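Descriptive analysis of the structure
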Amino acid sequence: MAAMAAEEEEYEAVLCVKPAVHVYRVPPRASNRGYRAAEWQLDQPAWSGRLRITAKGKIAFIKLEDKTSGELFAQAPVEQFPGIAVESVTDSSRYFVIRIEDGNGRRAFIGVGFVDRGDAFDFNVALQDHFKWVRQQSELAKQAQNPDQGPKLDLGFKEGQTIKLNIANMKKKEGATGNTRPRPAGPGGLSLLPPPPGGKSSAPVCPSGERPSSLSAPTQLPGTPITDSLLSWPQPAAAPSAAATDVWGDFAKASGSASNPTQTNAGWVQF
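Attention here is on the structure that accompanies the text. Predicted, not measured: the structure shown is a model, and the values here were computed from it.

Criteria and cut-off values
Residues numbered from 1 in each chain as written. Predicted model: local features only at pLDDT ≥ 70, side-chain atom pairs only at ≥ 80, totals over all residues. Heavy atoms only, no water. Helix = DSSP H or I, 4+ residues; strand = E, 2+ residues; numbered from the N terminus. Expected span 1.5 Å × (residues − 1). Buried < 20%, exposed > 50% of the residue type's maximum accessible area, 1.4 Å probe, protein only. Polar contact = N/O pair within 3.5 Å; in protein donor to acceptor, adjacent residues only side chain to side chain. Salt bridge = Lys/Arg side-chain N within 4 Å of Asp/Glu carboxyl O. Pairing = 2+ DSSP bridges.

**Focus on helix α2 (residues 117–145)**
With 29 residues, α2 should cover 42 Å at 1.5 Å per step; its first-to-last C-alpha distance of 43 Å lies within 8% of that length. Regarding α2, the residues found buried are Asp119, Ala120, Phe123, Ala126, Leu127, His130, Phe131 and Val134. Residue Asp116 occupies the N-cap position of α2, its side-chain oxygen lying 3.3 Å from the main-chain nitrogen of Gly118.

Dropping the structure here:
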């Protein structure tokens, strides 16, 4: 009962329709050689109409119908392709021999020919695609019934098998960490920062283009933490006296000339 219900639920699909086809009487085959269309009297077809290929479940049906009324002339059930139900001739690609049945157990072989070679190609491909789908469905049904018998995908490592990862970023990081030097430790166990890259230190720029006076190095008093000595800014030296800034005084004494009492600038000598 379940099989009958499944058959009733199957629908009929149309695989191919060709509007012009000719039917020929095929003489009995005298030997095991293939059929030849040249022996069919191609100029006198026995019937002309349209061809329609349908499928219901796994079986395909080749139906020959009238062009106008759609009345069925003959039908050929195909359970396997290629097979005895449909055979190609040996001398042309536009002619086939099909086995028709009337439903009462009687069978006969007739010749079918297409006007266009492309129609014959479509006829052949439609049958191939259907039975390819049938084979795929059978394989899927077998795998569903016996899932343990199918091939299993093993993604685990075998004994002694290793893998190697070659990533450029990891190499760069490893090289950078390998070249780093340890920071020198200062007094009190604190690490000192390394000098800036380049090895050149720029002198501070003073306003009006004057060069800064020499700075004395900071001195660390006994008992003073290292942080105070690092943060203490060196004090500038005392400003030079007026006599030291008078660069023309010795020159005036050497020349023996007296300075003009009316001059406004004491550092200048009048000649």
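**Here we look at the pattern of salt bridges**
Two side chains that carry opposite charge are able to pair once their charged atoms sit near each other. Tallied over the entire structure, the rule returns 9 salt bridges. Residues Lys63 and Glu12 are paired through a salt bridge, measuring 2.8 Å at the closest nitrogen-oxygen approach. Taken as a pair, Lys63 in strand β3 (residues 59–65) and Glu12 in strand β1 (residues 12–25) lie far apart in primary sequence, 51 residues in all. In this structure Lys63 comes out as buried when scored by relative accessible area, which is 12%. Between Lys18 and Asp119 there is a salt bridge, with its nearest N and O atoms 3.3 Å apart. Here Lys18, found in strand β1, pairs with Asp119, found in helix α2; they are 101 residues apart in sequence, far enough to count as distant. We classify Lys18 as buried; its relative accessible area is 9%.

**Comments concerning the pairing of strand β7 (residues 107–114)**
Judged from the 5 bridges that link them, β1 and β7 form a sheet pairing that is antiparallel. Residue Val21 lies in a different strand from β7, and its bridge partner there is Phe114. When strand β6 (residues 95–101) meets β7, the two strands line up antiparallel, connected through 7 bridges. If you follow Arg99 over to β7, its bridge partner there is Phe109. Counting the residues in the hairpin turn of β6 and β7 gives 5 residues, including Gly103, whose phi is positive at 90 degrees.

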